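The primary structure of each chain is shown beneath.
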Amino acid sequence: MHEMSIAMAVVEQVEEAVGQAGAGAVEAVHLEVGELAGVVPEALAFCFELVCAGTVLEGAELVTETVPGRARCGPCSAEWAVGMPPDLLCPQCGGARAELLAGRELRITAVRRADGPAYAPAHQEG
């Protein structure tokens, strides 16, 4: 289950960030998860709760926002929602040279602390 390693990485990054800021407890972590990232949100939430035990994130809420998959056709530049399972054939010209524009994201977008304002890290795609 790679959701456990993702949860561990999220907790590690948040602990490091709030530690550098001299912050206390964390109330919530907001995470963008692309629909094509291969992450099961319920499994991630379960793993997150386990990994948070005994850290400044203990009891923190994991708020996930699903980012829909989108693609652009190389030959005709049409854009479309790829869905799940992904349909990478252009609906306009039938071309098979699609470029994924969105849907593989896995990034922390904000951290809400108990003792201060929300922290928004620089966007990093994972």
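Being a predicted model, the structure only gives us computed values, none of them experimental.

Chemist: Please provide a residue-by-residue account of the pairing of strand S2 (residues 61-67), values included.
Modeler: In this structure, strand S1 (residues 26-34) lies alongside S2, joined through 7 bridges in parallel fashion. Residue pairing for S2: valine 29 is matched across the bridge by leucine 62. With respect to chirality, the unit in which S1 leads through helix H2 (residues 41-52) into the neighbouring parallel S2 is right-handed.

Chemist: Give a detailed account of H2, specifying residues and quantitative values.
Modeler: The end-to-end C-alpha distance of H2 is 16 Å, a good match for the 16 Å that 12 residues give at a rise of 1.5 Å each. Buried within H2 we find Ala43, Leu44, Cys47, Phe48, Val51 and Cys52. Along H2, the residues classed as buried sweep out an arc of 155 degrees about the axis, all on the same side. Within H2, the exposed residues directed more than 90 degrees away from the buried face are Glu42, Phe46 and Glu49. Glycine 54 lies just past H2 and shows a positive phi near 80 degrees.

Chemist: Give a detailed account of helix H1 (residues 2-20), specifying residues and quantitative values.
Modeler: Here H1 contains 19 residues, and its C-alpha end-to-end distance of 27 Å stays within 8% of the 27 Å for a straight helix at 1.5 Å per residue. For H1, the set of buried residues is Glu3, Ile6, Ala7, Val10, Val11, Val14, Ala17 and Val18. Each buried residue of H1 sits inside an arc of 135 degrees when the element is viewed along its axis, so together they form one side. Facing away from the buried side of H1 by over 90 degrees, the exposed positions are Glu12, Gly19 and Gln20.

Chemist: Hey, could you go over the nonpolar core for me, with residue numbers and the actual values?
Modeler: If you look at the biggest cluster of nonpolar residues, it comprises 23 residues, and the most contacted ones within it are Val14, Val29, Phe48 and Leu57. Of all the secondary structure elements, the ones that give two or more residues to this core are H1, S1, H2 and strand S6 (106-113). At 6 residues, H1 tops the list of elements feeding residues into this core. Aside from chain neighbours lying at most four places away, what touches valine 14 is Val26, Val29, Leu57, Ile108 and Val111. Counting residues in each nonpolar core, the second largest holds 7 residues, with Ala71, Trp80, Val82 and Cys90 among its members.

Chemist: So what about the environment of proline 75? Which residues, and what values?
Modeler: Mapping proline 75 onto the fold places it in the loop between strand S3 (70-73) and strand S4 (79-81). Between the C-alpha atoms of proline 75 and alanine 98, which are 23 residues apart in sequence, the distance is 8.7 Å.

Analysis parameters
- Residues numbered from 1 in each chain as written.
- Predicted model: local features only at pLDDT ≥ 70, side-chain atom pairs only at ≥ 80, totals over all residues.
- Heavy atoms only, no water.
- Pairing = 2+ DSSP bridges.
- Helix = DSSP H or I, 4+ residues; strand = E, 2+ residues; numbered from the N terminus.
- Right-handed = clockwise from strand over helix to strand, strands pointing away.
- Expected span 1.5 Å × (residues − 1).
- Buried < 20%, exposed > 50% of the residue type's maximum accessible area, 1.4 Å probe, protein only.
- Arc of directions from axis to C-beta.
- Core = buried A, V, L, I, M, F, W, Y, C linked by side-chain atoms within 4.5 Å.
- Contact = heavy atoms within 4.5 Å.

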